[in-house]
Each structure stands twice: as structure tokens, then as C-alpha cells.
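Below, each chain spelled out in residue letters.
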Amino acid sequence: MTVRGKKTVRDLRRGSRSALLRRLYFDGPLSRQELGAVTGLSAGSISNVTGELIADGLIEECGSVESDGGRPRILLRVAARRAFLVGVDVGETQVRVALFDLARTELAASDRPLSDQGHDVDHVVELILAGLAEVLERTGTDPAAVLGVGIGVPGIVEQGAGDRGAGDRDGLGIVVHGQTVGWDAVPLGRLLRAGTDLPLFVDNGAKTLGQAEMWFGAGRGVRHAVVALFGSGVGACVIADGARFRGATSSAGEWGHTKVHVGGRRCRCGARGCLEAYVGAEALLERWGAAPPGGEKAGLAALLAAAEAGEPAAAALLAEAAEYLGAGIADLVNLFNPERIVIGGWAGLLLGPRLLPGIRAAATEYALRFPREQTSIVLGTLGPEAVTVGAATLPLSDFLDSGGEFPSRAAERATAVRSGGR
């Protein structure tokens with residue numbers, strides 16, 4: 001009988017594998033001696049675990065470095081093509097599906113525009129599954145080598161009972177509440193499961209953007225941050241002591257629906273005076289009233305060009321947007337006391353170079369002086385597709401936590417446990 005809370009030998013082994021994989025993934029290549037120093041594991045444990053990981057094909061030798069008076073030290077790194085990740089961004093105008101290797105190299109992508117059906121759930125599910133089939137077929141990737149499909153969606157994601165973990169990859173309990181796109185308790189996990197056997201991981205798009213920027217981009221090196229998503233809508237991912245802050249029901253970070261004007265403009269969520277109703281790309285183009293055909297990205301580029309050319313209405317609108325964003329960021333500074341605020345999203349990166357000075361000035365004007373002085377405000381560094389990259393980190397995180405366990409092996413073990421096997 002297993003004592004509750006007591007770690008088994010399997011737990012300890014998995015923890016050691018996870019610690020080494022994480023260090024090699026984020027900081028590698030490293031030698032065995034360096035791994036011992038940064039993980040605290042004994043030389044014997046390092047030797048045994050790295051031997052296992054090499055035998056499993058998860059890590060590989062990649063050269064050597066000179067040591068002080070001894071033999072050269074062999075460097076180790078994660079084997080980039082041992083496994084693959086899928087990231088999906090359910091955006092405002094399209095669904096993007098991308099296949100990555102473990103080094104985050106994009107191997108194939110499928111961009112499928114939303115039709116006149118918009119965010120009709122069945123339509124979105126169809127686009128996700130079609131894009132998934134396309135990227136796997138184009139690259140000839142064996143689905144057994146895919147760690148999972150991570151999906152960033154607009155809205156609040158309910159994960160079901162318990163936190164996501166190595167034993168909870170079926171996605172059947174995933175429910176999405178997307179008020180701005182008309183999704184009310186959509187069982188997205190169950191709908192997708194009908195079309196794929198791959199492990200499913202779903203989270204809010206702003207939170208996947210936040211994880212990507214914290215792991216690989218402008219958020220690296222800090223423990224307290226806010227990553228803001230500025231696109232058609234507005235959202236945020238709050239990082240508290242290195243972890244994403246989710247709140248009681250995973251809705252923390254709905255920054256775009258904080259109020260900046262009591263009784264103000266009507267927002268897509270149905271309320272009035274939301275920040276998103278003033279600075280979201282859709283709202284900016286509505287307020288400008290001169291958006292050319294070609295979609296929001298073309299319209300926002302035209303608005304920016306008009307402002308750069310000195311058109312008074314366009315310049316005034318963007319100056320006002322910078323002030324609203326700065327005031328909203330001041331609220332984040334006062335509420336969460338972050339070390340860094342990162343502005344990302346396709347609209348944020350497009351307009352950021354022009355708006356950033358005004359945003360910083362407004363944040364300084366509206367925030368409390370002391371916490372504002374401790375906070376830097378910067379642009380994201382991962383580009384406009386960072387939500388897709390962040391979505392791919394969802395199965396990656398599960399893989400690293402499990403110590404490099406492939407989903408098929410976890411499923412086999414779970415089946416054995418349910419049937420009474422060992």
C-alpha cells in the first residue's frame with residue numbers, strides 16, 4: 001500500500017529526469033559536471049539519469065570543452081528531432097496550426113481563415129483538425145512522435161477536475177467560456193477528441209503568449225511580470241513568483257475588460273467602458289472610420305501610415321490609445337508590482353514603436369511613483385506568431401514535467417493500472 005504523500009522510487013526517478021531535462025532544455029548544452037552543480041544531484045545520479053536519457057534518445061552528446069587539468073568535458077543537449085509539438089492559435093480572423101521540433105524550429109504551418117461562419121464552434125474545430133492533418137502530412141511526421149497539441153483560444157478555459165498533468169492529457173474536461181466570440185461553456189476538448197487521438201492542452205491565448213515570452217523572449221530573467229496581448233482584443237498573463245497566476249476559475253488576466261470609462265463605449269463583451277473598447281484593433285478601426293478593405297492588419301497598418309504621414313485624426317487617435325494603454329498599465333503596476341511589463345500581440349508589435357514613448361509617459365503619470373520606478377515596459381521579442389509558439393509550450397511543459405515520458409507510454413501505464421497490472 002502506498003502511503004499518501006510519500007514519494008516512490010518512480011517519483012524520485014521522474015523528478016531527477018525532469019530536473020536534468022529542464023536544465024538542458026533552457027540552459028544547455030551543459031556538461032555532466034555543470035548539471036551536478038546546478039541541480040544538486042550526486043555524480044552517481046547524474047551518470048545514471050543521463051545514461052537513461054541518452055538511451056531513450058532524448059539527449060545527445062554535442063562536443064566537448066576543456067577542463068582544468070583533466071580530460072575534456074562532454075557537452076549534452078536535448079535531441080531536437082526526438083519529438084515534436086503542435087501549437088494552435090485560434091485568432092480573430094484565422095486559425096493557425098504549426099508543427100515544431102523540440103528546438104522550437106517551425107517545420108510547417110497551416111493558416112486557415114475563418115469563413116463567414118466566424119467563430120462557430122464546429123467550424124473552428126474543423127479548421128484545427130484540418131490544419132493538424134495538413135502539417136503532419138506535409139512533414140511526414142509520425143503522430144506517435146508528437147507530444148501533444150497545444151491550443152490558445154479567446155476566452156476563459158476550464159480544465160475540469162484537477163490541474164493538467166502527465167496523467168491528464170485526454171482533454172475531455174476542457175470547457176471554454178468565450179464571451180466575446182459567443183462561446184458559452186463550449187466542450188472544446190470533447191469536440192476535438194472526436195477527431196484526433198493526440199494529447200490535447202488548451203489555454204487562453206494571452207496566457208500562452210505569456211508563457212512563450214517568459215520562457216524564450218522579453219520576460220526571461222524576471223520572476224514577477226505581466227505579458228500583455230494587444231490584438232483585435234486585449235488580454236494579459238500575470239506572472240507571480242515565476243508562475244502564471246490563474247485565479248479561482250482561470251479567468252485572471254482579463255485586463256481588456258477592466259474599466260477605463262464609466263458609461264463609455266460598448267465593448268464586444270456587452271459591457272461599457274472596457275479598455276478593449278478603446279485600444280483593441282477592432283475598436284481603433286471603428287473609431288477611425290476609414291479602414292480600407294483587407295482585414296484588421298491591413299487597416300491598422302493604414303492607420304499607422306496615416307499617423308506617420310501627419311494626418312491629424314490618425315495621429316490623435318493613436319496618441320489617445322497610448323494614453324489609455326498607459327493608464328491600463330499603471331493599474332497593472334499598482335495591482336501586481338511587476339518587475340517588467342511586456343507588450344506583445346500582432347497589433348502591439350505593429351504599433352509599439354510609435355506608441356511606446358506615450359505608453360511609458362502615461363504609465364508614469366498614473367501609477368504610484370515607487371512601484372513604477374521598479375517596472376520596465378518593453379515590447380515582446382517573439383514576433384506576431386508568439387501565441388502559436390506559446391501554445392506549443394503546453395505539451396512541452398507536460399513533457400518536461402514528466403521527465404521525458406511520451407504520451408503513448410503514459411497511456412499504456414494508465415491502462416495497466418486500471419486493469420490491475422503493474
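Relevant structure appears above.
K.L.:
So, the overall build of the chain: which residues are in play, and what are the values?
P.N.:
Scanning the chain for helices and strands turns up 14 helices and 16 strands. With respect to the principal axes defined by its C-alpha atoms, the chain has extents near 70 × 55 × 45 Å. Taken across its 422 residues, the chain has 49% of its residues classed as buried. Taking as baseline every contact in the chain between residues at least 6 positions apart, the subset at least 24 positions apart corresponds to 60%. Surface exposure of the chain reaches about 19100 Å², of which carbon and sulfur atoms provide 51%. Of the charged side chains in the chain, 44 are positive and 48 negative, and the gap between their average positions amounts to 7 Å.

K.L.:
Quick rundown of the packing of aromatic side chains? Include the residues and the values.
P.N.:
Counted according to the given criterion, the structure contains 7 aromatic pairs. Three or more aromatic residues link up through ring pairs in this structure, and these residues are Y25, F26, W215 and F216. The aromatic ring of F216 is capped on one face by R104, whose charged end is 3.7 Å from the ring centroid.

K.L.:
Give me the nonpolar core: which residues, what numbers.
P.N.:
Counting 45 residues, the largest nonpolar core has W255, L300 and I329 as its most contacted members. At the level of elements, strand 12 (225–230), strand 13 (234–240), helix 7 (276–279), helix 8 (281–288), helix 9 (295–308), helix 10 (312–336), strand 15 (340–344) and helix 11 (346–366) are the ones that each hand at least two residues to this core. Take this core: its biggest share by element is 11 residues, from helix 10. With near-sequence residues (within four places) excluded, L300 lies in contact with A281, L284, L285, W346, A347, L350 and L351.

K.L.:
Can you lay out the sheet that holds strand 6 (residues 106–113) for me, pointing to particular residues and giving the numbers?
P.N.:
Whenever strands of a sheet pair, they do so through backbone hydrogen bonds, lying parallel or antiparallel. Pairing is mixed in the open sheet, where 5 strands are placed in the order 6-5-4-7-11. Strands with a single pairing partner mark the edges of an open sheet, and in this sheet they are strand 6 and strand 11 (200–204). Between one strand axis and the next, the sheet turns by 15 degrees as a mean value, whatever way the strands run. The sheet contact formed by strand 4 (residues 84–90) and strand 5 (residues 94–101) spans 7 bridges and is antiparallel. Paired with V90 across the strands is V95, a residue of strand 5. Sheet strands in contact with helix 13 (residues 386–401) are strand 4, strand 5, strand 7 (146–153) and strand 11, and its direction is about 135 degrees off that of strand 4.

K.L.:
So what's going on with helix 9? Which residues, and what values?
P.N.:
An α-helix turns once every 3.6 residues. As a result, residues three or four positions apart point the same way. Across its 14 residues, helix 9 extends 20 Å between first and last C-alpha, which sits within 8% of the 20 Å expected from 1.5 Å per residue. Within the span of helix 9, buried status applies to E296, G299, L300, L303, L304, A306 and A307. Along helix 9, the residues classed as buried sweep out an arc of 160 degrees about the axis, all on the same side. Among the structural elements, helix 8, helix 10 and helix 11 are those in contact with the buried residues of helix 9.

K.L.:
How would you summarise the pattern of salt bridges if you had to cite specific residues and measurements?
P.N.:
In this structure the tally under the stated criterion is 23 salt bridges. With a shortest N-O distance of 2.8 Å, E134 and R112 are connected by a salt bridge. You can see E134 sitting in helix 4 (residues 121–139) and its partner R112 sitting in strand 6, a full 22 residues away along the chain. Sharing partners across several salt bridges, the network here consists of R13, R17, E52 and D56.

K.L.:
Describe helix 1 (residues 9–27), listing the residues and the values that go with them.
P.N.:
For helix 1, which comprises 19 residues, the first-to-last C-alpha distance of 27 Å matches the rise-based estimate of 27 Å (1.5 Å per residue) to within 8%. Here helix 1 has its buried residues at S16, R17, S18, L20, L21, L24 and Y25.

K.L.:
Please give an account of unusual backbone geometry that cites residues and values.
P.N.:
A cis amide bond links G28 to the next residue, P29, at an omega of 5 degrees. Among the secondary structure elements, P29 is positioned in the loop between helix 1 and strand 1 (30–31). Unlike most non-glycine residues, D241 shows phi in positive territory, near 55 degrees. For D241, the location among the structural elements is in the loop between strand 13 and strand 14 (243–244). What makes D241 partly exposed here is its relative accessible area of 47%.

K.L.:
Lay out the packing of helix 8 against helix 10 in plain terms, naming residues and giving numbers.
P.N.:
At their nearest, the axes of helix 8 and helix 10 sit 11 Å apart, and the two run at 145 degrees to each other. Between helix 8 and helix 10 lies a crossing whose hand is right-handed. Residues L284, R287 and W288 of helix 8 form the contact with helix 10, whose own contacting residues are A314, L317, E320 and A321.

K.L.:
Please set out the sheet that holds strand 3 (residues 73–78) residue by residue, giving values where relevant.
P.N.:
Ordered in space as 1-3-2, the 3 strands form an open sheet in which the pairing is antiparallel. Strands at the two margins of the open sheet, each flanked by one partner only, are strand 1 and strand 2 (59–65). Note that strand 1 and strand 3 share 2 bridges and pair antiparallel. Bridge pairing in strand 3 links L30 to L76.

K.L.:
Describe in detail the packing of helix 2 (residues 32–39) against helix 3 (residues 43–55), supporting the description with residues and values.
P.N.:
Between helix 2 and helix 3, the least distance of the axes is 10 Å, while the angle of their chain directions is 115 degrees. In this structure, helix 2 crosses over helix 3, and the sense of that crossing is right-handed. Note on element contacts: helix 3 touches helix 2 through I46, T50 and I54, opposite R32, L35, G36 and T39. Class assignment for the residues of the contact of helix 2 with helix 3 results in 3 nonpolar, 3 polar and 1 charged.

About the criteria used
- Residues numbered from 1 in each chain as written.
- Predicted model: local features only at pLDDT ≥ 70, side-chain atom pairs only at ≥ 80, totals over all residues.
- Heavy atoms only, no water.
- Helix = DSSP H or I, 4+ residues; strand = E, 2+ residues; numbered from the N terminus.
- Buried < 20%, exposed > 50% of the residue type's maximum accessible area, 1.4 Å probe, protein only.
- Contact = heavy atoms within 4.5 Å.
- Areas by Shrake-Rupley, 256 points an atom, 1.4 Å probe, with all protein chains shown as cover.
- Lys, Arg positive; Asp, Glu negative; His and termini not counted.
- Charge placed at Lys NZ, Arg CZ, Asp CG, Glu CD.
- Phe/Tyr/Trp six-rings, centres within 6.5 Å; stacked < 30°, edge-to-face > 60°.
- Lys NZ or Arg CZ within 6 Å of the ring centre and 35° of its normal.
- Core = buried A, V, L, I, M, F, W, Y, C linked by side-chain atoms within 4.5 Å.
- Pairing = 2+ DSSP bridges.
- Axes fitted to C-alpha atoms, helices over the stretch in contact; angles between N-to-C directions.
- Expected span 1.5 Å × (residues − 1).
- Arc of directions from axis to C-beta.
- Salt bridge = Lys/Arg side-chain N within 4 Å of Asp/Glu carboxyl O.
- Left-handed = near helix turned anticlockwise from the far one by under 90°.
- Nonpolar A, V, L, I, M, F, W, Y, C, P; charged D, E, K, R; others polar.

Note that all results are geometric; they support no functional claim without further evidence.
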